[in-house]
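So you can see what is in the structure, the chains are spelled out below.
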Amino acid sequence: MGMDADALPAGWQVWNEEPTKLILAYRPDVFDGDEFPAECMPTIYLTRGKRSRRPGAQRVGDAWHVTLYLEPDVDDGGTAFDSREAAIDAATERAVAFAAGEIDYRALYQVPRETYFAKLDELTDADG
């Protein structure tokens, strides 16, 4: 079963889909390297297996993991699921919650990035 792109809220799109990986991207038109670096584009990764912290290590395990990234080193810790279908549902729900401003992305940062937060507040329905 693949991702139903029509189920995603406005601003989210399927960036890449493979048998063991799915990447959703939020507003690539905004996070294009001009005003905000592409590395800051919010993404949701759905992957089979958990990646080891060791560089170059393969993913291990059969669980599916859904993780929201705001930058390469800033994520929500992820959640594991028993099936790809459940993980796809969770990724869609996370995208909906993000677009509705229901995810506190500020809490994921140790050092605040106020200009970035202001732009995310503008793009989502977040109150800030």
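Residues numbered from 1 in each chain as written. Predicted model: local features only at pLDDT ≥ 70, side-chain atom pairs only at ≥ 80, totals over all residues. Heavy atoms only, no water.

**Student:** If you had to explain the overall build of the chain to someone new, which residues and values would you point to?
**Tutor:** Counting its regular elements, the chain contains two helices and six strands. Traced from its N-terminal end to its C-terminal end, the chain shows the element sequence β-β-β-β-β-β-α-α. Counting all 128 residues of the chain, 42% fall into the buried class. Taking all contacts inside the chain whose residues are at least 6 apart in sequence as the whole, residues at least 24 apart take part in 45%. Of the roughly 7,300 Å² of accessible surface on the chain, a fraction of 45% belongs to carbon and sulfur atoms. (Helix = DSSP H or I, 4+ residues; strand = E, 2+ residues; numbered from the N terminus. Buried < 20%, exposed > 50% of the residue type's maximum accessible area, 1.4 Å probe, protein only. Contact = heavy atoms within 4.5 Å. Areas by Shrake-Rupley, 256 points an atom, 1.4 Å probe, with all protein chains shown as cover.)

**Student:** Can you explain the nonpolar core? Please cite residues and give values.
**Tutor:** Core analysis: the biggest nonpolar cluster contains 36 residues, and W12, F31, F98 and Y116 have the highest contact counts within it. Taken together, the elements giving at least two residues each to this core come down to β2 (21–26), β3 (43–51), β4 (59–71), α1 (84–99) and α2 (114–123). The greatest single-element share of this core, amounting to eight residues, is contributed by α1. (Core = buried A, V, L, I, M, F, W, Y, C linked by side-chain atoms within 4.5 Å.)

**Student:** So, unusual backbone geometry: which residues are in play, and what are the values?
**Tutor:** The bulk of non-glycine residues show a negative phi, and the bulk of peptide bonds are trans. With a phi angle near 50°, R27 is a residue other than glycine that sits in the positive phi range. Among the structural elements, R27 can be located in the loop between β2 and β3. You can call R27 partly exposed: its relative accessible area is 24%.

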